[in-house]
Amino acid sequence: MTDDIYHSDFQLGPDLKGKRIVVAMSGGVDSSVVAALAARTGAETIGVTLQLYDHGSAVKRAGACCAGQDIRDARAVADKLGIAHYVFDHESRFRESVIDHFADEYMAGRTPIPCVRCNMGVKFTDLFRLARELGADCLATGHYVRRVEGPSGAELHRAADPARDQSYFLFATTQDQLDFLRFPLGGMPKPQVRAIAQEMGLIVALKPDSQDICFVPDGDYASVVRKIRPDAEIGGDIVHLDGRILGQHKGLIHYTVGQRKGLEVGGQPVPLYVIRLDAATQRVIVGPRAALAVPAARIIDANWLCDIGNRSVMAKVRSMSRPVPARLEGEWLRFDTPEYGVAPGQAAVLYDGDRVLGGGWIEETIAVEMASAA
């Protein structure tokens with residue numbers, strides 16, 4: 001294998017001898033390769049792992065403590081590379097700032113994104129403090145996103161591989177954080193990352209990528225919310241947009257905006273979708289797909305990485321959706337064409353080409369008129 005495959009710019013200048021790089025090591029292949037690339041530069045490399053949750057408890061299976069296995073994998077990689085490795089217990093902070101918030105949002109009829117909350121708090125804020133205390137010149141992570149030096153400083157850009165891009169989850173990265181962060185994998189396709197891991201004999205080379213929210217490994221969000229908030233399953237009416245009561249539900253935590261399956265209100269002339277969740281009345285509001293169309297959404301708690309102003313942008317309102325043309329007018333994001341499945345609690349991330357301009361949290365949406373939904 002040629003040296004070209006190992007090339008990754010940590011943006012610390014041409015000579016990294018005497019530099020110190022702290023790598024956030026999760027125990028997966030991506031962060032392990034970042035540590036390997038950092039060690040190859042000649043910089044002093046230190047791996048840091050945050051213990052965040054008890055995976056065994058989450059899946060209710062004895063001996064299934066994936067958090068423990070991930071930590072062991074990170075330590076084994078660090079030993080292989082000959083770098084220092086530290087583990088810090090942040091489980092209680094993770095529960096308070098991420099898991100509890102996740103449960104509360106579902107109970108409020110919103111659709112949370114815990115990965116963004118984790119990046120905003122435990123991961124970046126706490127890792128930044130730790131990295132600076134360790135005297136690091138930068139903090140490197142395995143995220144698939146690019147840091148580009150622009151005319152006015154560091155910019156956040158989408159990954160070169162659109163299938164791996166994680167910029168949607170990093171919109172809340174502040175400029176101060178971006179100045180200190182490095183993302184060495186942003187320009188690489190995933191097969192190249194795995195090839196590096198195999199060539200270097202890392203035990204995680206063939207380790208599967210994590211697919212679910214880390215504390216919801218089996219995808220059963222409701223069971224996690226139920227465990228944290230035992231009063232979560234308060235039933236109520238399933239109501240059509242025209243006011244008809246179509247049935248009963250067993251709790252808002254079982255539904256999200258745009259959901260079609262699991263409504264159990266058969267015999268309807270057209271397929272019905274969850275249009276919105278009313279936590280005040282514990283009602284699930286349903287209607288035809290056309291009623292999901294949203295012309296505008298109000299975003300709050302925004303984080304901007306440049307002077308945004310009132311301008312035309314490309315907006316992404318779900319992690320798996322494509323960016324669509326929109327215009328920002330104050331707090332309101334107005335779509336050129338009504339967008340589907342825009343849910344309070346999700347994020348709206350704005351782009352100019354590949355550059356991430358920033359984003360905010362969707363607080364409310366403008367509903368289509370009933371006449372246009374019929």
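Located above this text is the structure these notes cover.
Now for a description of the structure that goes with this document.

**Digging into empty space enclosed by the protein**
On inspection of all chains with the given rule, the structure shows one cavity of 30 Å³ or more. Considered as a void within the structure, the largest cavity measures approximately 30 Å³ in volume. Forming the boundary of the largest cavity are Val116, Asn119, Met120, Phe124, Phe169, Leu170, Ala172, Thr173 and Gln177. If one sorts the elements of the lining of the largest cavity by residue count, helix α5 (residues 114–133) sits on top with four residues.

**Concerning helix α8 (residues 221–228)**
Of all the positions in α8, only Ala222, Ser223, Val224, Val225 and Ile228 are classed as buried. Structurally, α8 contributes buried residues whose contacts are with α4 (91–107).

**Describing the pairing of strand β10 (residues 273–278)**
In this structure, β10 lies alongside strand β11 (residues 283–287), joined through five bridges in antiparallel fashion. If you follow Asp278 over to β11, its bridge partner there is Arg283. Between β10 and β11, which follow one another and run antiparallel, lie four residues, and Gln282 among them has a positive phi close to 55 degrees.

**Considering unusual backbone geometry**
Not every positive phi belongs to a glycine, and Gln11 is a case in point at roughly 55 degrees. Within the secondary structure, Gln11 is located in the segment before β1 (20–24). Gln11 gets classed as partly exposed once you look at its relative accessible area, which sits at 23%. One non-glycine residue, Asp301, lies in positive phi territory at about 50 degrees. Structurally, Asp301 can be placed in strand β12 (residues 293–304).

**Re the environment of Ala290**
Mapping Ala290 onto the fold places it in the loop between β11 and β12. Owing to a relative accessible area of 30%, Ala290 belongs among the partly exposed residues under this scheme. Residues Ala290 and Tyr340, 50 residues apart in the sequence, show an inter-C-alpha distance of 8.4 Å.

**Some details on the side chain of His240**
Position of His240 among the secondary structure elements: in strand β8 (residues 236–240). A distance of 3.0 Å separates the side chain of His240 from the backbone nitrogen of Asp242, its partner in a polar contact.

**Quick notes on α4**
The terminal C-alpha atoms of α4, which comprises 17 residues, lie 22 Å apart, in line with the 24 Å expected from a rise of 1.5 Å per residue. Of all the bends in α4, the greatest measures close to 30 degrees and is centred on His101. Within α4, the full set of buried residues consists of Phe94, Val98, Ile99, Asp100, Phe102, Ala103, Glu105 and Tyr106. Buried residues along α4 sit against α5 and α8.

**Observations concerning the sheet that holds strand β7 (residues 181–182)**
Each strand in a sheet pairs with another by means of backbone hydrogen bonds, the pair being arranged parallel or else antiparallel. If you trace the five strands from one edge of the open sheet to the other, you get β3-β2-β1-β4-β7, paired in parallel fashion. If you trace the sheet from one side to the other, it starts and ends with β3 (84–89) and β7, each paired once. Here β1 runs beside strand β2 (residues 44–51); their pairing, made up of five bridges, is parallel. From the neighbouring strand, Ile21 faces β2, where its bridge partner is Thr45. Each of β1, β2 and β4 (138–140) is contacted by helix α1 (residues 29–40), which is oriented at about 170 degrees to β1, the strand it contacts most.

Criteria and cut-off values
The written sequence of each chain sets the order in which its residues are numbered from 1. Given that this is a predicted model, residues contribute local features only at a pLDDT of at least 70 and side-chain atom pairs are listed and counted only at 80 or more, while totals for whole chains, interfaces and linings are drawn from all residues. To get the side-chain values, take all heavy atoms of the structure and skip hydrogens and water. With a 1 Å grid laid over protein atoms only, a set of points is called a cavity when a 1.4 Å probe fits there but cannot get out and a pocket when it is open yet has protein on both sides within 12 Å along at least five of seven lines; lining residues have an atom within 4 Å of a point. Grid points are joined across faces, edges and corners, and a volume is the space filled by probe spheres set on the points. Helix and strand assignments come from DSSP, with helices taken as H or I runs of at least 4 residues and strands as E runs of at least 2, each series counted from the N terminus. Burial status follows relative accessibility: with a 1.4 Å probe on protein chains alone, a residue under 20% of its type maximum counts as buried, one over 50% as exposed, and anything between as partly exposed. It only takes one pair of heavy atoms within 4.5 Å for two residues to be counted as in contact. Two strands qualify as a pair provided that DSSP identifies no fewer than 2 bridges between them. Definition of a polar contact: a pair of N or O atoms within 3.5 Å, with one able to donate and the other able to accept a hydrogen when the atoms are protein atoms, and with sequence-neighbouring residues admitted only if both atoms are side-chain atoms. Here, expected helix span is obtained from the residue count minus one, scaled by 1.5 Å. Two axes define the bend at a residue: one fitted to the seven residues ending there, one fitted to the seven starting there, and the bend is the angle between them. Throughout, an axis means a line fitted to C-alpha atoms (over the contacting stretch in the case of helices), and angles, computed between N-to-C directions, take values from 0 to 180 degrees.

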